[in-house]
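# Examining the three-dimensional arrangement
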Amino acid sequence: MREGWLDAARRLPSPNRNARPTGEISALVLHSISLPPGEFGGGDIERLFTNRLDPAAHPYFAGIAALRVSAHLLIRRDGECVQFVPFDERAWHAGRSRWFDPRQRCERVELNDFSIGIELEGDEVSAYREAQYRVLARIVTALCEHYPALTPGRITGHAQIAPLRKSDPGPAFDWAFMRRCLLDCM
């Protein structure tokens, strides 16, 4: 990892980022994304995170093309990684969010300020691929080594930090298998 960029990821810088207010990196938020919904592959996710999504390309896109969102990293179905924002900067992935921080024993808001956002290409009902879990485990291991405040116990899902708005990564995400993959890497 150099200057917040993962060596193994393809870089595609997003303009949707800014400085972290305190520089803290102590949580990881997992998301799922598919564009159009339920379809995998193609470049629409990359276009969304780089403000190049054509609103006329699909009926769903008209409602989201103007959004200014990003994630630090996308893990595609085959395990390929695309990084949009260096980890040391603030990606715009969590939105309005709340999380009970077990280490500080308090509720925290604005998770974009101190979390890393990783998108898994998928949806809440389709099984994620083993390649995605294995790559995710290797990345989490590297991130925990690089950012000491980040631990496997500080990984959460978008649904847990914004339960009235979001449901990802959803019931199709196998948390137990992800933790077993993490143990294999550590």
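Basis of the calculations
- Residues numbered from 1 in each chain as written.
- Predicted model: local features only at pLDDT ≥ 70, side-chain atom pairs only at ≥ 80, totals over all residues.
- Heavy atoms only, no water.
- Helix = DSSP H or I, 4+ residues; strand = E, 2+ residues; numbered from the N terminus.
- Buried < 20%, exposed > 50% of the residue type's maximum accessible area, 1.4 Å probe, protein only.
- Salt bridge = Lys/Arg side-chain N within 4 Å of Asp/Glu carboxyl O.
- UniProt positions renumbered as here; feature names shortened; annotations may be inferred.
- Contact = heavy atoms within 4.5 Å.
- 1 Å grid on protein atoms, 1.4 Å probe; cavity = no way out; pocket = protein on both sides within 12 Å on 5 of 7 lines; lining within 4 Å.
- Points joined across faces, edges and corners; volume = space filled by probe spheres on them.
- Nonpolar A, V, L, I, M, F, W, Y, C, P; charged D, E, K, R; others polar.
- Expected span 1.5 Å × (residues − 1).
- Polar contact = N/O pair within 3.5 Å; in protein donor to acceptor, adjacent residues only side chain to side chain.
- Arc of directions from axis to C-beta.

## Side note on unusual backbone geometry
In this model, Leu-35 is joined to Pro-36 through a cis peptide bond whose omega is -15 degrees. With respect to the helices, strands and loops of the structure, Pro-36 is situated in the loop between strand 3 (27-33) and helix 1 (44-49). Look at the link from Asp-168 to Pro-169: it is a cis peptide, with omega at 5 degrees. Along the polypeptide, Pro-169 turns up in the loop between helix 3 (158-161) and helix 4 (175-185). The phi dihedral of Arg-105 falls on the positive side, at around 55 degrees, and the residue is not glycine. Even without being glycine, Glu-110 reaches a positive phi, approximately 55 degrees. Structurally, Glu-110 is set in the loop between strand 8 (106-109) and strand 9 (115-121). Glu-110 sits in the partly exposed class, given a relative accessible area of 36%.

## Description of the pattern of salt bridges
Overall, the coordinates contain 15 salt bridges when judged by the stated rule. The shortest N-O distance in the salt bridge between Arg-10 and Glu-46 comes to 2.5 Å. Of this pair, Arg-10 sits in strand 1 (residues 10-11) while Glu-46 sits in helix 1, placing them 36 residues apart in sequence. Among the charged side chains, a network of salt bridges with common partners joins Arg-10, Glu-46, Arg-76, Glu-80 and Glu-121.

## So, the UniProt feature "domain: N-acetylmuramoyl-L-alanine amidase" (unreviewed entry) in the protein
In this numbering, the UniProt entry assigns the feature "domain: N-acetylmuramoyl-L-alanine amidase" (unreviewed entry) to residues 14-170. Secondary structure over residues 14-170 splits into 17% helix and 24% strand, and the C-alpha atoms at its two ends are 25 Å apart.

## Looking at the environment of Ile-45
With respect to the helices, strands and loops of the structure, Ile-45 is situated in helix 1. Judged by relative accessible area, which is 3%, Ile-45 ranks as buried. Discounting residues that sit within four places of it in the chain, Ile-45 has contacts with Ile-33, Ser-34, Leu-35, Leu-74 and Glu-121.

## Let's talk about the layout of surface pockets
Size it by volume and the largest pocket reaches roughly 610 Å³. Taken together, 28 residues make up the lining of the largest pocket; nearest its centre are Ser-32, Ile-33, Glu-119, His-158 and Lys-166. Broken down by secondary-structure element, the contributors of at least two residues to the lining of the largest pocket are strand 3 and helix 1. Of the residues forming the lining of the largest pocket, the biggest block, three residues, is contributed by strand 3. Broken down by class, the residue content of the lining of the largest pocket amounts to eleven nonpolar, ten polar and seven charged.

## Overview of helix 2 (residues 130-146)
For helix 2, with 17 residues, the first-to-last C-alpha span of 24 Å sits near the 24 Å given by 1.5 Å per residue. Those residues of helix 2 that sit buried are Gln-132, Tyr-133, Val-135, Leu-136, Ala-137, Ile-139, Val-140, Thr-141, Leu-143 and Cys-144.

## Quick notes on the side chain of Ser-115
One can find Ser-115 in strand 9. At a separation of 2.6 Å, a polar atom in the side chain of Ser-115 contacts the main-chain carbonyl oxygen of Leu-111. Once you skip the residues sitting within four places of it in the chain, Ser-115 turns out to touch Arg-20, Ala-27, Val-29, His-72 and His-93.

## Focus: helix 4
Along helix 4, the residues classified as buried are Phe-177, Met-178, Cys-181 and Leu-182. Mapping the buried residues of helix 4 onto a view down its axis gives an arc of 145 degrees, with all of them on the same face. Against the buried residues of helix 4 lie helix 2 and strand 10 (155-157). At the N-terminal boundary of helix 4, the capping side chain belongs to Asp-174, with an oxygen 3.2 Å from the backbone nitrogen of Ala-176.

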